[in-house]
Every structure is written in structure tokens, then in C-alpha cells.
Amino acid sequence: RALQRRHERPHHYFIMSEGKGITVKDVDSHQFVVSYAAHLKKQGKIQLPELVDLVKTGVSKELAPYNDDWFYVRCAALARRLYIRQGTGVGAFAKVFGDKKRRGTLPGHFHRSSRGVIRGCLKQLERVGVVEKMSKEAGGRKITRQGQQDCDRIATEIYSSKA
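## Looking at the overall build of the protein chain
The number of helices and strands found in the protein chain is 5 helices and 4 strands. In the protein chain, which comprises 163 residues, the proportion classed as buried is 32%. Taking the intrachain contacts of the protein chain between residues at least 6 apart in sequence as the baseline, contacts between residues at least 24 apart amount to 61%. As displayed, the protein chain offers around 11,200 Å² of accessible surface, 49% of which is attributable to carbon and sulfur atoms.

Below, the structure is given as C-alpha cells:
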């Protein structure tokens, strides 16, 4: 034990304490986003945009996403990000979801994601009651109490199915 390396943790390090619940931070991000997107789709409260099968997610993309449920996945990813860091706005999300644009023989450059898609997702999440706007001075959006409970419930389901 005395020669234990820094990156190795004792076996009791990963065991949750009795009084604390499972949160979004305790589960894999990909598994959470996929599960929460399925939950949002099953609820049926989110309205898809009219051109959801044609719209690109940013200027760096050549085509629309192949996944038919991409709008739900983007909404779930935004909800997860707001859970972890509240106060994030549309511009910051555009930077987070941005990508390198391939320009043929020229070097690739970073381009932001579509702010219209992000704004549409956030408006749908607001309509459902998962997200709310913060004050004018603070700016950005934050997750509501109901949204946090939904996220924690799904994280608990993922954690218990894994264990």
C-alpha cells in the first residue's frame, strides 16, 4: 500500500457513500445522452423542426446527420451540459459543438456549430420544463429542479444496470 502509485486508487474510492445519490457526473456521458434522448423521444413533448431531415448542424458539415433521432440527442447533450455547468449560453454551446471544416487542399479551420439548431433545442427544453433562462444580468440558461430530477433518475437507472 505504501508503494501505491498516484493514478491507482484504493478499491473503496469508487464506492458511493450511503447518503448520496447517483448524479449525471457518476455515469458515462455517452450512455447518459443516449438514454436521455430515448426518454425525451418517449415522452413525445418535444416538437421536431419542420426541416429536421434536411438541416445541417453546422457549416463544417456537408450533410444532415444520418441518425433520425439527432435532434433528441442534441437536446439531451445540451441538458447534460447545463446540468454540469449552468449559465451557458447559445454562443458558448456553438463553440462547444463546433468542428473543423475541411476545405479541400487548404488547411482545415475551426467553425462554430449552428446557433439556430442549438437555440431551437433549448427552446424545446424550456417548453418541456427541463431548462429555464437565467436573469438578464447573468445570461445563459440553467437546468430546472424537474430537469435535474429527470437527469438524476436516468443516471441512477444507468448506474444500477451497470452494477
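## What to know about the packing of helix α2 (residues 70-84) against helix α4 (residues 115-128)
Two elements in contact, α2 and α4, have axes whose closest approach is 9 Å; the angle formed by their N-to-C orientations is 75°. Between α2 and α4, the angle is such that the two are roughly perpendicular. Where α2 abuts α4, its residues Trp 70, Phe 71, Arg 74, Cys 75, Leu 78, Ala 79 and Leu 82 lie against Val 117, Ile 118, Gly 120, Cys 121, Leu 122, Gln 124 and Leu 125. Among the residues forming the contact of α2 with α4, the class breakdown is 11 nonpolar, 2 polar and 1 charged.

## With respect to α4
End to end, α4 covers 20 Å across 14 residues, agreeing with the expected 20 Å (1.5 Å per residue, within 8%). Those residues of α4 lying buried are Val 117, Ile 118, Cys 121, Leu 122, Gln 124, Leu 125 and Val 128. Down the axis, α4 shows its buried residues gathered within 160° of arc, on one side only. Buried residues in α4 make contact with α1 (29-43), α2, α3 (90-96), β3 (131-133) and β4 (141-143). Trailing α4 by a residue or two, Gly 129 shows a phi angle of about 100°, which is positive.

## Details of the environment of Val 130
Looking at where Val 130 falls in the secondary structure, it is placed in the loop between α4 and β3. In sequence terms Val 130 and Gly 147 are 17 residues apart; their C-alpha atoms lie 4.0 Å from each other.

## Regarding α1
The end-to-end C-alpha distance of α1, which contains 15 residues, comes to 21 Å, matching closely the 21 Å that a straight helix rising 1.5 Å per residue would cover. Contact partners of the buried residues in α1: α2, α4 and α5 (145-162). Gly 44 occupies a position one or two residues after α1 and carries a positive phi of about 75°.

## Points about the nonpolar core
Among the nonpolar cores identified, the biggest contains 36 residues, and Phe 32, Tyr 36, Leu 40, Ile 46, Leu 125 and Val 130 are the most heavily contacted of them. Elements with a minimum of two residues in this core: α1, α2, α3, α4 and α5. In terms of residue count, α2 provides more of this core than any other element does, 10 residues in total. Sequence-distant contacts of Ile 46, defined by excluding residues within four places in its chain, comprise Leu 40, Phe 71, Tyr 72, Cys 75, Gln 124, Leu 125, Arg 127 and Val 128.

## Here we look at the state of the cysteines
Enumeration according to the criterion identifies 0 disulfides in this entry. We note that Cys 75 lacks a disulfide partner, and the nearest cysteine sulfur, in Cys 121, lies 3.6 Å from it. We classify Cys 75 as buried; its relative accessible area is 0%. With relative accessibility at 0%, the residue Cys 121 sits in the buried group.

## Description of the pairing of strand β2 (residues 106-111)
Sheet analysis places strand β1 (residues 99-103) next to β2, joined by 4 bridges and oriented antiparallel. Counted as the bridge partner of Asp 99 is His 111 from β2. The hairpin turn running from β1 into β2, its antiparallel successor, is 2 residues long, and Gly 104 in that turn takes a positive phi close to 75°.

The rules behind each value
Residues numbered from 1 in each chain as written. Predicted model: local features only at pLDDT ≥ 70, side-chain atom pairs only at ≥ 80, totals over all residues. Heavy atoms only, no water. Helix = DSSP H or I, 4+ residues; strand = E, 2+ residues; numbered from the N terminus. Buried < 20%, exposed > 50% of the residue type's maximum accessible area, 1.4 Å probe, protein only. Contact = heavy atoms within 4.5 Å. Areas by Shrake-Rupley, 256 points an atom, 1.4 Å probe, with all protein chains shown as cover. Axes fitted to C-alpha atoms, helices over the stretch in contact; angles between N-to-C directions. Parallel < 35°, antiparallel > 145°, perpendicular 65-115°, else oblique. Nonpolar A, V, L, I, M, F, W, Y, C, P; charged D, E, K, R; others polar. Expected span 1.5 Å × (residues − 1). Arc of directions from axis to C-beta. Core = buried A, V, L, I, M, F, W, Y, C linked by side-chain atoms within 4.5 Å. Disulfide = S-S within 2.5 Å. Pairing = 2+ DSSP bridges.

Just distances and angles here, no functional claims.
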